[in-house]
Amino acid sequence: MATQMKNTTKNQMKDALIIFDTTLRDGEQSPGASMTRDEKVRIAKALERMHVDVIEAGFPIASVGDFDAVQAVANAIQDSTICGLARALDKDIDRAGEALKGANSARIHTFIATSPIHMKMKLRMEPDAVLEQAVRAVKRARQYTDNVEFSPEDAGRSEQDFLCRVLEAVINAGATTVNIPDTVGYNVPQQFGELIGNLIARVPNSDKAVFSVHCHNDLGLAVANSLAAVANGARQVECTINGLGERAGNASLEEVVMAVSTRRDVFAPNVDHIDRSQIVPCSRLVSSITGFNVQPNKAIVGANAFAHESGIHQDGVLKSRETYEIMRAEDVGWSANRMVLGKHSGRNAFRTRMQELGVSFDSEEQLNTTFVRFKELADKKHEIYDEDLQALVTGASLEAENERVKLVSLKVCSETGEIPGASVTLNVDGDEKQAQAQGSGPVDAAFKAIEAVVGSGTELQLYSVSNITSGTDSQGEVTVRLEQGGRIVNGQGADTDIVIASATAYINALNKMLAPVDRQHPQV
Ligand code: KIV
Ligand code: ZN
């Protein structure tokens with residue numbers, strides 16, 4: 001990498017690497033990871049606390065809900081630039097411009113595919129027409145903001161000569177960032193790094209724009225490709241918390257940031273402006289909101305990322321931590337669970353801690369309802385951690401989402417030598433309905449009883465439980481994934497009683513499945 005870096009010069013406009021987070025847009029394109037407006041605002045505030053430079057908040061034309069969410073994020077965030085995605089179409093760009101009106105700093109990100117396969121099979125357009133549409137889109141976006149990003153979609157499989165022509169033209173038209181996506185995760189590091197170096201060297205006006213990369217992880221190379229691009233002159237990396245994103249996901253923000261900051265000796269730009277201590281809290285927040293658990297051995301944010309199992313390692317770390325640790329757990333936000341509130345904490349302490357976590361209440365009534373839930377939790381669990389508070393807020397917003405089916409009561413019976421059984425009462429579209437069922441365990445029985453009431457015919461694809469904090473009084477966080485006719489939804493639930501958490505998660509997923517979908521995907 002050190003030698004590749006020598007090719008890097010034309011585009012070094014500043015020393016800092018721009019971190020562009022797309023958790024709220026590409027991350028949300030993961031099946032089942034859709035987020036409500038308020039959830040997006042909470043994540044955006046966490047990203048702002050981390051000092052992420054650009055937050056891509058969504059694809060405003062996708063639906064009224066997506067527009068509202070981008071608008072809410074634009075209004076709520078002060079320091080980061082808020083970006084909205086738009087295909088290279090007037091109506092998309094106008095909608096993005098409208099959604100971003102309230103932002104302190106707004107960027108429109110417009111894109112059109114440039115690879116032979118996408119132009120021929122998807123767009124059914126000739127290359128010259130694609131180039132013309134790209135230029136037109138950038139000029140239109142410039143009418144709303146002077147911060148315009150252009151992406152040639154599937155650049156990783158596009159012809160270099162054509163890419164150079166397109167990039168030169170869009171930069172002349174006013175694009176201030178040109179983003180090179182490896183849309184299908186096909187590239188490998190050396191080749192991708194060379195591609196970026198070549199583009200910077202060959203595009204005559206490359207010094208007028210920041211070169212960015214957006215890598216997908218289909219071959220597990222998204223981070224490696226992004227880093228190779230940085231070594232060859234890219235000065236913006238698009239990434240997501242926990243590597244969330246379409247299919248196998250995007251480059252993970254935490255891995256990119258920690259690689260660049262840990263290996264300052266290798267990379268020219270720095271990420272000193274990023275508050276790395278916010279990484280773990282942000283990862284947990286995204287995981288709790290989307291229900292996408294982080295694998296234990298995931299770098300930086302996995303539960304085992306800093307755990308030393310072998311005796312030799314433990315001994316080495318105790319003598320001198322650098323023997324086996326290249327980063328400090330506390331620098332990325334791992335801290336021993338810190339008790340923040342308890343049974344005797346009052347409303348003010350509760351409100352203050354919530355504010356520190358980026359949670360604000362729309363009304364006194366909303367604060368009161370959440371405070372009552374907090375008190376109920378504190379009665380069951382004496383020490384309340386930040387993670388518990390996050391789960392509490394997520395739970396309240398999930399409940400608000402449950403428009404058609406609500407849990408009224410659940411009773412389960414589990415006894416040695418007996419078949420477990422469950423009895424459930426649900427409110428379905430305003431009517432109370434009841435059913436009993438038996439199952440191989442209490443959770444199975446509860447799901448069968450719910451299904452006996454709702455009769456959804458959905459297929460359970462995933463059931464996972466994890467503890468939010470440590471200890472047997474911890475809340476269990478449950479994710480349930482359901483599938484029907486190719487549509488996939490995730491539901492979440494959290495409770496100190498994992499059977500109730502499971503039933504809540506199942507009901508949340510059912511509500512999502514029953515909700516109408518009016519949403520457009522940007523890349524089809
Ligand atoms: O993967 C991709 O190509 C994208 C573009 C919209 C940038 O997400
Ligand atoms: Zn993408």
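Residues numbered from 1 in each chain as written. Chains lettered and ligands numbered in written order. Predicted model: local features only at pLDDT ≥ 70, side-chain atom pairs only at ≥ 80, totals over all residues. Heavy atoms only, no water.

1. Some thoughts on the packing of aromatic side chains
Per the stated rule, a full pass over the model turns up six aromatic pairs. For the pair phenylalanine 447 and tyrosine 463, a centre-to-centre distance of 5.8 Å together with 85° between the ring planes defines the contact as edge-to-face. Pair noted here: phenylalanine 447 is in helix H15 (residues 442-454) and tyrosine 463 is in strand S14 (residues 459-467), with a separation of 16 residues, a long-range link. Take phenylalanine 447: its relative accessible area is 8%, and that puts it in the buried class. Given a relative accessible area of 32%, tyrosine 463 falls into the partly exposed group. Here the aromatic cluster, defined as three or more aromatic residues joined through ring pairs, consists of Phe350, Phe361, Phe371 and Phe374. We note arginine 481 situated over the ring of phenylalanine 292; from NZ or CZ to the ring centre the distance is 5.4 Å. (Phe/Tyr/Trp six-rings, centres within 6.5 Å; stacked < 30°, edge-to-face > 60°. Helix = DSSP H or I, 4+ residues; strand = E, 2+ residues; numbered from the N terminus. Buried < 20%, exposed > 50% of the residue type's maximum accessible area, 1.4 Å probe, protein only. Lys NZ or Arg CZ within 6 Å of the ring centre and 35° of its normal.)

2. Comments concerning the domain arrangement of the protein chain
Here the domain parsing of the protein chain yields domain 1 (18-290) and domain 2 (402-514). The interface of domain 1 with domain 2 comprises six residues on the first partner and five residues on the second. Of the roughly 470 Å² buried at the junction of domain 1 and domain 2 (both faces included), carbon and sulfur atoms supply 35%. Considering only the surface of domain 1 that becomes buried against domain 2, Pro31, Gly32 and Ser288 emerge as the three largest contributors, covering 63% of it. Taken together, domain 1 and domain 2 are joined by zero salt bridges. The interface formed by domain 1 and domain 2 holds two residue pairs in polar contact (both at pLDDT 80 or more) in total. Across the side of domain 1 that touches domain 2, the residue classes tally to three nonpolar, three polar and no charged. (Domains from an automatic or database assignment. Contact = heavy atoms within 4.5 Å. Buried area = accessible area lost by both parts, 1.4 Å probe. Salt bridge = Lys/Arg side-chain N within 4 Å of Asp/Glu carboxyl O. Polar contact = N/O pair within 3.5 Å; in protein donor to acceptor, adjacent residues only side chain to side chain. Nonpolar A, V, L, I, M, F, W, Y, C, P; charged D, E, K, R; others polar.)

3. Concerning the sheet that holds S14
On the basis of which strands lie adjacent, the open sheet formed by three strands has the order S14-S15-S16 and antiparallel pairing. The sheet is open, and its two edges are formed by S14 and strand S16 (487-495), each paired on a single side. Strand-to-strand twist of the sheet, defined as the mean angle between neighbouring strand axes without regard to direction, takes the value 15°. In the sheet, S14 pairs with strand S15 (residues 476-484) via eight bridges, with the strands oriented antiparallel. Residue pairing in the sheet places asparagine 467 in a bridge with glycine 476 of S15. (Pairing = 2+ DSSP bridges. Axes fitted to C-alpha atoms, helices over the stretch in contact; angles between N-to-C directions.)

4. Considerations on the site of ligand 1
Surveying the vicinity of ligand 1 reveals the residues Arg25, Asp26, His109, Phe111, Ser151, Glu153, Pro181, Thr183, His214, His216 and Gln523. Between arginine 25 and ligand 1, the recorded distance is 2.9 Å, taken from a side-chain N or O atom to an oxygen atom. Within the side chain of aspartate 26, an N or O atom sits 3.0 Å from an oxygen atom of ligand 1. In isolation ligand 1 has 260 Å² of accessible area, and contact with the protein removes 100% of it. Of the residues in the shell around ligand 1, the class split is two nonpolar, six polar and three charged. (Near = heavy atom within 4 Å. Areas by Shrake-Rupley, 256 points an atom, 1.4 Å probe, with all protein chains shown as cover.)

5. Some details on the coordination of the zinc ion (ligand 2)
Within the protein, Asp26 (OD), His214 (NE2) and His216 (NE2) serve as the donor atoms for the zinc ion (ligand 2), at 2.0 to 2.2 Å. In primary-sequence terms, the residues that donate to the zinc ion (ligand 2) follow D-x187-H-x1-H. With aspartate 26 in the loop between strand S1 (18-21) and helix H1 (37-49) and histidine 216 in the loop between strand S7 (210-215) and helix H8 (222-231), the pair connects residues that are 190 residues apart, well separated along the chain. Residue classification places histidine 216 among the buried residues on the basis of a relative accessible area of 3%. (Donors = N, O, S within 2.8 Å, 3.2 Å for Na, K, Ca; no water.)

6. Some points on the side chain of threonine 23
Summarising the element assignment, threonine 23 is placed in the loop between S1 and H1. Filtering out sequence-adjacent residues up to four positions away, threonine 23 remains in contact with Glu28, Met35, Cys239, Thr240, Ile241, Leu244 and Val286.

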